[in-house]
Amino acid sequence: KSKPEAAWQKAQAMAYEIAADYSHPMVRSLSFMLTPVWNRIYRGVLVHHLDKFKQAAPGYEVVYVPTHRSHMDYLLLSYLLYTHGVVPPHIFAGINLNLPVVGTILRKGGAFFARRSFKGNALYSAVFREYMAQLVAGGYSIEYFIEGGRSRTGRLLQPKAGSLAMTVRAYLRQPTRPVLFQPVYIGYERLMEGNSYLDELTGKPKEKESIWSLLWGIPKVLRSNYGQVVVNFGEPIGLSAMLAEHAPDWDGKPLGEEDKPAWLADTVDALAQRIHVGINAA
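The following paragraphs examine the structure supplied in this document. (Residues numbered from 1 in each chain as written. Predicted model: local features only at pLDDT ≥ 70, side-chain atom pairs only at ≥ 80, totals over all residues. Heavy atoms only, no water.)

A few words now on the overall build of the protein. Looking only at helices and strands, one finds eleven helices and eight strands in the protein. Relative to the 2.2 N^0.38 estimate, which gives 19 Å for 282 residues, the radius of gyration of the protein is 19 Å and therefore close to what a compact globule would have. Across the 282 residues that make up the protein, the buried fraction comes to 43%. A separation threshold of at least 6 residues defines the contact pool for the protein, and within that pool the share at least 24 residues apart is 80%. (Helix = DSSP H or I, 4+ residues; strand = E, 2+ residues; numbered from the N terminus. Rg over C-alpha atoms; globule rule 2.2 N^0.38 Å. Buried < 20%, exposed > 50% of the residue type's maximum accessible area, 1.4 Å probe, protein only. Contact = heavy atoms within 4.5 Å.)

Here is the structure:
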């Protein structure tokens, strides 16, 4: 029952809350800052099969789907891609990370922010879906964690397919550039959040992120050594092949924004399972 002008203002505010503000100078500066940090806190970062991925990726809209164990995941993956000559992706991040100063830095590093739940807010859902569709149509690489949150046990959590569904629907609306999903396994010898995870597993509530806890934690992190990290790129998964297998009725023509073919949900679920299998295989 809003007036169109009021709804437009709300939608515009939501778009600014969501959108990344990618800055190449910021990414370059962060890469210089992070190099000594990695050398200090890790005993080495081993990367496998990145060259194979670089050979397969040209011409595709790439969606990185890594494991989620630590807040280091997205920093580490973006850093590795950047230092190996690949443009870092736009990263789907929780709104809880949109902290003062930190949020601005992450946003300029390619992060875009999502609220924990879209339920009951049709306007926000529409704005977010459209933003994802613009990223996919524009050929920007994207990164998101289909586990939803960080695993506390080291095992993969059940996939939450919302982000996958938005990506598939965006492609079906404008099937101009083929989509490639890249599973990535990130394994840590020792987790930075290990102690807080143990607390949570014994029943203590999760600590809320804040700028002060982040600042207080930096000296402790820099005094610690977290061993080796392994980053393995799995077998890429083409969306076209998944659609050919699970949606043989689709004729390759664009679907309307509101179209929901019967095969869509099954295709998304099969894709989520295939990605998890790919991560485990890596």
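From this point on, the discussion continues.
Moving on: the side chain of Asp73. Here Asp73 shows up in helix 4 (residues 72-83). The side chain of Asp73 is buried and forms no salt bridge, while Arg69, the nearest opposite charge, is found at 6.7 Å. Of note is the side chain of Asp73, whose polar atom sits 2.7 Å from the backbone nitrogen of Arg69. Filtering out sequence-adjacent residues up to four positions away, Asp73 remains in contact with Thr67, His68, Phe145, Ile186 and Tyr188. (Lys, Arg positive; Asp, Glu negative; His and termini not counted. Salt bridge = Lys/Arg side-chain N within 4 Å of Asp/Glu carboxyl O. Polar contact = N/O pair within 3.5 Å; in protein donor to acceptor, adjacent residues only side chain to side chain.)

So, on to the packing of helix 6 (residues 122-137) against helix 7 (residues 162-173). Two elements in contact, helix 6 and helix 7, have axes whose closest approach is 9 Å; the angle formed by their N-to-C orientations is 60°. Between helix 6 and helix 7, the crossing angle belongs to the class labelled oblique. Crossing hand, helix 6 versus helix 7: right-handed. Within the contact between the two elements, helix 6 uses Phe128, Arg129, Glu130, Met132, Ala133 and Val136 and helix 7 uses Ser163, Met166, Thr167, Ala170, Tyr171 and Arg173. (Axes fitted to C-alpha atoms, helices over the stretch in contact; angles between N-to-C directions. Parallel < 35°, antiparallel > 145°, perpendicular 65-115°, else oblique. Left-handed = near helix turned anticlockwise from the far one by under 90°.)

Helix 11 (residues 264-281) packs onto helix 10 (residues 239-246) with a crossing angle of 130° between their chain directions and a minimal axis gap of 10 Å. By the angle between their directions, the pair helix 10 and helix 11 is classed as oblique. Read as a crossing pair, helix 10 and helix 11 show a hand that is right-handed. Residues Leu239, Met242, Leu243, Glu245 and His246 of helix 10 pack against Thr267, Ala270, Leu271 and Arg274 of helix 11. Across the contact of helix 10 with helix 11, the residue classes tally to five nonpolar, two polar and two charged. (Nonpolar A, V, L, I, M, F, W, Y, C, P; charged D, E, K, R; others polar.)

For the rest of this paragraph, the subject is helix 2 (residues 24-41). In this model helix 2 runs 25 Å from its N-terminal to its C-terminal C-alpha over 18 residues, within 8% of the 26 Å that 1.5 Å per residue would give. Within helix 2, the full set of buried residues consists of Val27, Ser31, Leu34, Trp38 and Ile41. (Expected span 1.5 Å × (residues − 1).)

Attention now goes to unusual backbone geometry. Here His49, not a glycine, exhibits a phi torsion of approximately 70°, which is positive. Of note in this structure, Val101 is not a glycine but carries a positive phi near 70°.

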